[in-house]
Amino acid sequence: MTIPRPLTSTVPPELWLIIIDALYNATPGDRPKRVREALGPVRLTCRLFRDLALPRLYQRVVLDADSDHRDQLLATLEEDHRKRKAVQELVLRGWDDGKQPFLPPDPEEEETEIVVPEDVVQRFGVMEQVVLKLSRLRSVEAWHSRISEHVLQHVLKSKTLHHLWIYGGTLPSCLGGVGSWSWNSDGALVKCQNLTRLEVIHGGSYSFLDPSAVFALLHIPTIQAVTVETAYVVAWPMLKYVWNRLNPAEKTATSITSVHLYSHPELDFTFNPNTVLPFLADCPDLQDLQVDADLPDNMHFTPSLPSLNKLSGFTGSPRVASCILHGAPIERLNLILTPDDDPAFLNALRVGTVPLLSLSLSGVEWDPRLLALVAAECPQLRALRFEADLITEGDEAGCTAIRNPLFSADVVDVLHFLPELETLSLLLECRVRLPYHRAEKWERQLVTSISADSGGLTQMQLSRDWIWERDLGTGLWTRTTPDGLQGSWPW
């Protein structure tokens, strides 16, 4: 009697892998839980499926100090080297061994000894042992966790690491003593070969990320994109002085091309250009800058930023843009407006040394005069995006009237002054949502009115649901969804 061959052997493993990858990629929501639910039964089917599904099951691992499955997951990774090799994305949440970072003593507070349970310290040690055995990490996220010196060294030396994300918690000081940079003493920064994205965010009142550690991380030679808390670059001149004294042979300029200066809400940090300019001056290759904070009211500031001759994109408030972008070849502006930004808005449009090609505006109520102002100031625009609110009257059942509607004549007049415009997005939101049939009818009528005088316009978006694309050969407009699905009416 012959034993029939299993059906799995009649299909090449490469095809089974495509099917398993499809299951893996179709699991939104709580990623680890969904992956276990989708691939867990597959792994138990046969040995072939077990081997194919294993790398996907453990590709992203979340080590949560408060999870009920914490000890079981640590033991599994500790015992099985195949599962450790499969880990590419690591998330640490809430890990702390009770050791407090160095903080200046507060004379008004009494010193209290913090007693940490022995099992917490032991569990923290097990977690570190597991992390030190992970050799194929591509991404590391640390949420409110203490990162010890040897774990940080191990992560930075990983040849596959591309993204490091630190939200709160503690980092070891890079100043390990007089005359030495402790965890960089064996060249961990230089050995970090592929890390291109770094995010260091303040986690609230109980976080202490040593500014010297942040300073050192920002000097990793391969770093290109950075999101950093604004408060961490305030001490940049002092740390730069110490760096030059301890590392006279190393350069102080960074290789960063994209900077996002973030401000945590708990810090209530108002942007002071004088504290940020030294950091930006050490980013000579900077191309994109985003600043979340705004300038203090009635602040008088004289621009003193060295010429950033590669800075081409900015996102932030008009007041910040008009202060720090002097002499920069800005081609793309993404401005978050407020009702009091009129003078600063004009200055932001004029501050660059080259014609503005792309402009995005958001944060205010719809006003056609603002659109006309943009057309007069930026005649060479190729892309214009305006997100604004329509003032509506009505209740939750529906909108009865719009007090500042968008008329096709307003758009047509603007198009006459923007002959090179290719993409136009007017995303006007109602606080009281329009009924679908009214919104669709209004949009179709508007596109029909504009199409006769659209010039070189090839793409138009009037809602988040649809994008209108024009065929330059036939002149017809076709409605598609943002994900590329074809609409039903060409015009």
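Residues numbered from 1 in each chain as written. Predicted model: local features only at pLDDT ≥ 70, side-chain atom pairs only at ≥ 80, totals over all residues. Heavy atoms only, no water.

### Looking at the overall build of the protein chain
And then number 1: A tally of regular secondary structure across the protein chain gives 16 helices and 23 strands.
And then number 2: In the protein chain, which comprises 491 residues, the share counted as buried stands at 44%.
And then number 3: Contacts in the protein chain between residues far apart in sequence, at least 24 positions, make up 66% of those at least 6 positions apart. (Helix = DSSP H or I, 4+ residues; strand = E, 2+ residues; numbered from the N terminus. Buried < 20%, exposed > 50% of the residue type's maximum accessible area, 1.4 Å probe, protein only. Contact = heavy atoms within 4.5 Å.)

### Observations concerning the packing of aromatic side chains
And then number 1: This structure, assessed with the given rule, holds six aromatic pairs.
And then number 2: Within the aromatic cluster, the residues linked to one another by ring pairs are Trp143, Trp165 and Tyr167. (Phe/Tyr/Trp six-rings, centres within 6.5 Å; stacked < 30°, edge-to-face > 60°.)

### Describing the nonpolar core
And then number 1: Counting 118 residues, the largest nonpolar core has Phe279, Leu289, Phe314, Leu335 and Leu359 as its most contacted members.
And then number 2: A per-element tally of this core places helix H9 (residues 211-217) first, with five residues. (Core = buried A, V, L, I, M, F, W, Y, C linked by side-chain atoms within 4.5 Å.)

### Overview of unusual backbone geometry
And then number 1: Notably, His144 is not glycine yet its phi reads approximately 50°, a positive angle.
And then number 2: Structurally, His144 can be placed in the loop between strand S3 (139-143) and helix H7 (149-157).

### What to know about the packing of helix H14 (residues 368-377) against helix H15 (residues 408-417)
And then number 1: Look at H14 against H15: their axes get within 9 Å of each other, and the N-to-C directions meet at 10°. On the basis of the axis angle, H14 is roughly parallel to H15. Side by side, H14 and H15 meet where Pro368, Leu371, Ala372 and Ala375 of the first sit next to Asp410, Val414 and Phe417 of the second.
And then number 2: Its residues assigned to classes, the contact of H14 with H15 shows six nonpolar, no polar and one charged. (Axes fitted to C-alpha atoms, helices over the stretch in contact; angles between N-to-C directions. Parallel < 35°, antiparallel > 145°, perpendicular 65-115°, else oblique. Nonpolar A, V, L, I, M, F, W, Y, C, P; charged D, E, K, R; others polar.)

### Describing helix H4 (residues 70-79)
Side chains of residues three or four places apart in an α-helix project in the same direction, reflecting 3.6 residues per turn.
And then number 1: Arg70, Leu74, Thr76 and Leu77 are the residues of H4 that are buried. One side of H4 holds all its buried residues, which, seen down the axis, span an arc of 160°. Seen from the open side of H4, the exposed residues pointing more than 90 degrees away from its buried face are Gln72 and Glu79. (Arc of directions from axis to C-beta.)

### A few points about the environment of Leu426
And then number 1: Within the element layout of this structure, Leu426 appears in strand S19 (residues 423-430).
And then number 2: On the accessibility criterion, Leu426 (0% relative accessible area) is buried.
And then number 3: When the C-alpha atoms of Leu426 and Leu462 are compared, they prove to be 5.1 Å apart, with 36 residues separating the residues in sequence.
And then number 4: The residues contacting Leu426, other than those within four sequence positions of it, are Leu371, Phe386, Leu406, Val411, Gln461 and Leu462.

### Some points on helix H10 (residues 236-246)
And then number 1: All of the buried residues along H10 are Trp236, Leu239 and Trp243. The arc that holds every buried residue of H10, seen down its axis, measures 70°, which confines them to one face. Turned more than 90 degrees off the buried face of H10, the exposed positions are Met238, Tyr241 and Arg245.

### Side note on the side chain of Ser139
And then number 1: Mapping Ser139 onto the fold places it in strand S3.
And then number 2: In this structure Ser139 comes out as buried when scored by relative accessible area, which is 13%.
And then number 3: Not counting chain neighbours up to four residues away, the residues in contact with Ser139 comprise Gln88, Glu89, Leu90, Leu161 and His163.

### A closer look at the pattern of salt bridges
And then number 1: Taken as a whole and judged by the stated rule, the model has 14 salt bridges.
And then number 2: For the salt bridge of Arg332 with Asp288, the shortest nitrogen-to-oxygen distance reads 2.4 Å. Taken as a pair, Arg332 in strand S14 (residues 332-336) and Asp288 in strand S12 (residues 288-291) lie far apart in primary sequence, 44 residues in all.
And then number 3: The exposure class of Arg332 is partly exposed, given its relative accessible area of 33%.
And then number 4: The network of salt bridges with common partners includes Arg60, Glu89 and Glu141. (Salt bridge = Lys/Arg side-chain N within 4 Å of Asp/Glu carboxyl O.)

### Things to note about the side chain of Arg70
And then number 1: With respect to the helices and strands, Arg70 occurs in helix H4.
And then number 2: Leaving out residues up to four positions away in the same chain, Arg70 has contacts with Asp64, Ala65, Trp95 and Arg123.

### Comments concerning the pairing of strand S21 (residues 467-470)
And then number 1: Note that strand S20 (residues 459-461) and S21 share two bridges and pair antiparallel. The residue of S21 that forms the bridge with Gln459 is Glu469.
And then number 2: Note: S21 against strand S22 (residues 477-480), four bridges, orientation antiparallel. Along S22, the bridge assignment pairs Trp468 with Arg479.
And then number 3: From the end of S21 to the start of S22, which pair antiparallel, there are six residues, and Gly475 there has a positive phi angle of about 80°. (Pairing = 2+ DSSP bridges.)

### Things to note about the confidence of the model for the protein chain
When pLDDT is low, close inspection of the predicted coordinates is not appropriate.
And then number 1: Per-residue pLDDT for the protein chain has a mean of 76; in total, 73% of the residues score no lower than 70.
And then number 2: Every residue in residues 176-181 scores below 50 in pLDDT, and together they form 14 contacts with partners more than four places removed in sequence or on other chains.
And then number 3: Overall, residues 487-491 carries pLDDT values under 50, and its contacts beyond four positions in sequence, including any with other chains, amount to 18 contacts. (pLDDT = per-residue confidence, 0-100.)

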